[in-house]
Amino acid sequence: MARSSTGAAEAELAQALRTGPFHLALRTALSARGLALHRVQHRLAQRGVKVGVTSLSYWQQGVRRPRRAESLRAVRMLEEVLDLPAQALTRLLSDPPAGTRPERPAARSYRTLVEEAGAVERLLAELESPVDGGLHTVCQLERVFIGPHREMRERSSHHVVRAHRDGVDRYVAIHHGDAGCDPGRVAVRAGENCRVGRVRWHAASGVLVAELLFDTRLRAGETHVFGYGFNDGTGGVSGEYVRGFSFAGGQYVLQVRFDDDALPVRCRRFAQSAAGAPRYGQQELTLSGRHRGVHLVEQGVRPGILGIAWDWC
């Protein structure tokens, strides 16, 4: 079994080195050799090359490309450290023809969208995940259920994403519970076309991040459909649900359903340009009698925040 797995890894590496792109080939080589980034940094230092773990992480994720002379020297040393043929990685750094680079939508920083942005960024760093994961939303249907004690019991998402760079094989979902949430007790559910990878949380802020791994690597322009959810119920009384959007475009549908024993007296949708900014576009929502829920539909999402708030009395 071990020999078969090794053969498959080497075949995948050979394919990545042949077709690129650079960041995918580097990530595949690191995986095939079983080397963590800090070990690679140490071996490069032994060869007289200084490069930070953050830079190596950005290179393998495609967030940055090595361009300076010292960075290119580090890539040549990487070929030696990873036991690769000469020029195997270096040749993949040639710029693609003009006009062939995939378009990357303009993005907003997490710091403008999430009140606990510092915790989110630290957790993403633990996963060696760049803030721009290489995906933007085409369509998302999100459902939130408020339980009998007015708590956020669970939420689920059906998501369609498009890659704006090659080699993307995962999505990092973020859950921010209500006051009192214990993220260590929140369960992550993988639905269709994904599986749960690493999960990290920050207890003080009630933030949890989870990798959702695809069984394919997307090329720029390709789409992927997948589903996931969180079982919470650990926080206190819930009064709203918000969703931040880094990229413009796409459709978003949010449904909030309430338990029969915990019905709010008033619901409204709203938008914000940034976390802490004044709310605008507020509109009353009528709670449906049969399904005990409200919803909003946004056809062309703009960077910022959308949400639904409710009053209990």
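Residues numbered from 1 in each chain as written. Predicted model: local features only at pLDDT ≥ 70, side-chain atom pairs only at ≥ 80, totals over all residues. Heavy atoms only, no water.

Here's the deal with the packing of aromatic side chains
If you walk through the whole model with that rule in mind, you get eight aromatic pairs. For the ring pair Tyr171 and Tyr228, a centre distance of 5.9 Å and an interplane angle of 40 degrees mean the geometry is tilted. In this pair, Tyr171 is assigned in strand E3 (residues 168-176) and Tyr228 in strand E7 (residues 223-231), connecting sequence segments 57 residues apart. A relative accessible area of 17% places Tyr171 in the buried class. Using a relative accessible area of 4% as the deciding quantity, one classes Tyr228 as buried. Arranged with centres 6.0 Å apart and planes meeting at 90 degrees, the rings of Phe258 and Trp312 form a pair that is edge-to-face. One end of the pair, Phe258, is in strand E9 (residues 251-258); the other, Trp312, is in the segment after strand E13 (304-311), with 54 residues separating them in the sequence. Both residues of the pair, Phe258 and Trp312, belong to the buried class. (Phe/Tyr/Trp six-rings, centres within 6.5 Å; stacked < 30°, edge-to-face > 60°. Helix = DSSP H or I, 4+ residues; strand = E, 2+ residues; numbered from the N terminus. Buried < 20%, exposed > 50% of the residue type's maximum accessible area, 1.4 Å probe, protein only.)

Looking at the pattern of salt bridges
Using the criterion set out here, one finds 20 salt bridges in the structure. Salt-bridge contacts for Glu126 lead to Arg200; the nearest nitrogen and oxygen are separated by 3.6 Å. Within this pair, whereas Glu126 is found in helix H6 (residues 117-126), its partner Arg200 is found in strand E5 (residues 195-202), the two being separated by 74 residues in sequence. A salt bridge links Asp311 to Arg266; the nearest nitrogen and oxygen atoms lie 3.2 Å apart. Note that Asp311 is positioned in strand E13 and Arg266 in strand E10 (residues 266-272), a separation of 45 residues in sequence. Of the residues examined, Asp311 reaches a relative accessible area of 23% and is grouped as partly exposed. Judged by relative accessible area, which is 36%, Arg266 ranks as partly exposed. Each of Glu12, Asp169, Arg170, Arg198, Glu211 and Arg217 takes part in salt bridges that share partners, so that together they form one network. (Salt bridge = Lys/Arg side-chain N within 4 Å of Asp/Glu carboxyl O.)

Structural notes on the sheet that holds strand E2 (residues 152-163)
Sheet strands line up and pair through hydrogen bonds in the backbone, either parallel or antiparallel. The strand order across the open sheet formed by six strands is E4-E7-E2-E1-E9-E12, and the pairing between neighbours is mixed. A strand with exactly one partner marks an edge of an open sheet, and here the two such strands are strand E4 (187-190) and strand E12 (293-298). In this sheet, neighbouring strand axes are inclined to one another by 15 degrees on average, regardless of whether the strands run parallel or antiparallel. Sheet topology places E9 next to E12; six bridges connect them, and they run antiparallel. Counterpart to Gln255 in the pairing with E12 is His295. (Pairing = 2+ DSSP bridges. Axes fitted to C-alpha atoms, helices over the stretch in contact; angles between N-to-C directions.)

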